[in-house]
Amino acid sequence: MAYKDEQLSEEKVFKDPVHRYVHVRDRVIWDLIATPEFQRLRRIKQLGTTNLTFHGAEHSRFNHSLGVYEIVRRIIYNFHDRPNWDPDKRLLGLCAALLHDLGHGPFSHSFEKVFKLDHEQFTQDIILGDTYVNAILERVQPGFSQDVADVIAKTYSDQLVVSLISSQIDADRMDYLQRDAYFTGVSYGHFDMERILRVMRPMEDQVVIKATGMHAVEDYIMSRYQMYWQVYFHPVTRSAEVILSKIFKRAKHLYESGYTFKLEPTHFISFLEERHDLEAYLKLDEAVVHYYFQLWQEETDPILSDLCERFMNRRLFKYIEFNPNKQLDAWMELHALFREAGIDPEYYLVVDSSSDLPYDFYRPGEEEERLPIHLLMPNGDLRELSRQSDIVESISGKKRTDHKLYFPMDMLEKADDAALVARIKNILNIQGAVVDAE
Ligand code: NI
């Protein structure tokens, strides 16, 4: 039997807290899960620093990837004998679902920003490069790895397959919302996925929703909206994220200025030099990053050691609501006063802005361009969701942005010049009530 059709003699199941079971029958899927590149995802947390806010959020990218695979498996099972669905695309959809986050690294968000990397590029490189994953995909059929990479990059010719993992109601979002809600323990993020799966229908280039399923979809959109503001953009998580970014930034600055680390940061060299190095990237996981943070607490550079000690012991920055575009004078003054107090504002006075677009109808050419959700009306017509749903209409196309200013209150308390500290505190308090990052 051809490798692509090979089935395991017995179905394998993974026990999963969100989907109960993840079912694997295809030899190809089983082999992909066993590769070092995929196993590496066990050592990358799905939510980065969120566990410093919601202690349950220790789940990995491995969990999530299996979950997305399982949802796509169920969708395709339902599509099986429907018009518009090409059964030959089954394995392609499953592989793309399983591998869609393969290029994520430790604390992707901060890491990528400082070292100018892109996890999507690494996903492509792992799938197409000289890797175990690539060897398996090419065994399916020469060129198959390119197809999988194209589906994940959204450039594949059959957009119906693409929409299973990248649209405004895709398996990726449906998994992470439920999974992140489960592990953080929040009461948002839940919606009736079973119902949504039952009303999904394949069309030429997209998955549409039978109009009778509209309310389940409304619930899903609202749950996403709430998860963003209650969990993903939580100000305390962002405080840890800010410190993390500054650690990477400081390490890079020190490296570039010829600083001698007590132990050569071997695992980071290629990133510090801004080289795109797949081999080094695959060796990096959160354990390695934490190991260096432990070491760096002992460094002679006071900024690096202080930031690492803060991150490891969760001594986070405090914050106020602050928009530097609107409060430019206060921003400039704070900068100057921090310098005067001997606290480097480059590392200790940080504005973080987060924004989300809960649902969008259509913005051609914009970043994050995603297909709108279409309802399939009883007469066979398609109707864009926000035209039919008042709830969705009320939040569609509305981008909300939140600006916070982060700083170490404990450092200010310790500064010698009492008058100076009083001036700083005065400005901070006038701008907004100081909140403990606890
Ligand atoms: Ni994902």
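A. Representation of the coordination of the nickel ion within the structure. The nickel ion binds to the protein through His64 (NE2), His100 (NE2), Asp101 (OD) and Asp172 (OD); the donor distances cover 2.2 to 2.3 Å. Note that the nickel ion binds 4 donor atoms; their angles at the metal cover 81 to 171°, and the shape is irregular. Counting residues between consecutive donors of the nickel ion along the chain gives the motif H-x35-H-D-x70-D. A residue pair is termed long-range when its members are at least 10 positions apart, and histidine 64 in helix α3 (residues 61-79) and aspartate 101 in the loop between α4 (90-99) and α5 (108-115) qualify at 37 residues. The pair formed by histidine 64 and aspartate 101 is uniform in burial state, with each residue classed as buried.

B. Seen up close, unusual backbone geometry. The backbone of phenylalanine 107 shows a phi angle near 45°, a positive value even though the residue is not glycine. For lysine 154, which is not glycine, the phi dihedral falls at a positive 70°. Turning to its location among the elements, lysine 154 is positioned in the loop between α8 (144-152) and α9 (159-165). Lysine 154 sits in the partly exposed class, given a relative accessible area of 39%.

C. Representation of the environment of aspartate 410 in the model. Tracing the sequence through the fold places aspartate 410 in helix α22 (residues 409-414). A residue is classified by how much of its surface remains accessible, and aspartate 410, at 22% relative accessible area, is partly exposed. Ignoring sequence-local partners within four residues, the contact set of aspartate 410 consists of Arg310 and Arg315.

Cut-off values and rules
- Residues numbered from 1 in each chain as written.
- Predicted model: local features only at pLDDT ≥ 70, side-chain atom pairs only at ≥ 80, totals over all residues.
- Heavy atoms only, no water.
- Donors = N, O, S within 2.8 Å, 3.2 Å for Na, K, Ca; no water.
- Tetrahedral: all angles 85-135°; square planar, octahedral: opposite > 155°, others 65-115°.
- Helix = DSSP H or I, 4+ residues; strand = E, 2+ residues; numbered from the N terminus.
- Buried < 20%, exposed > 50% of the residue type's maximum accessible area, 1.4 Å probe, protein only.
- Contact = heavy atoms within 4.5 Å.

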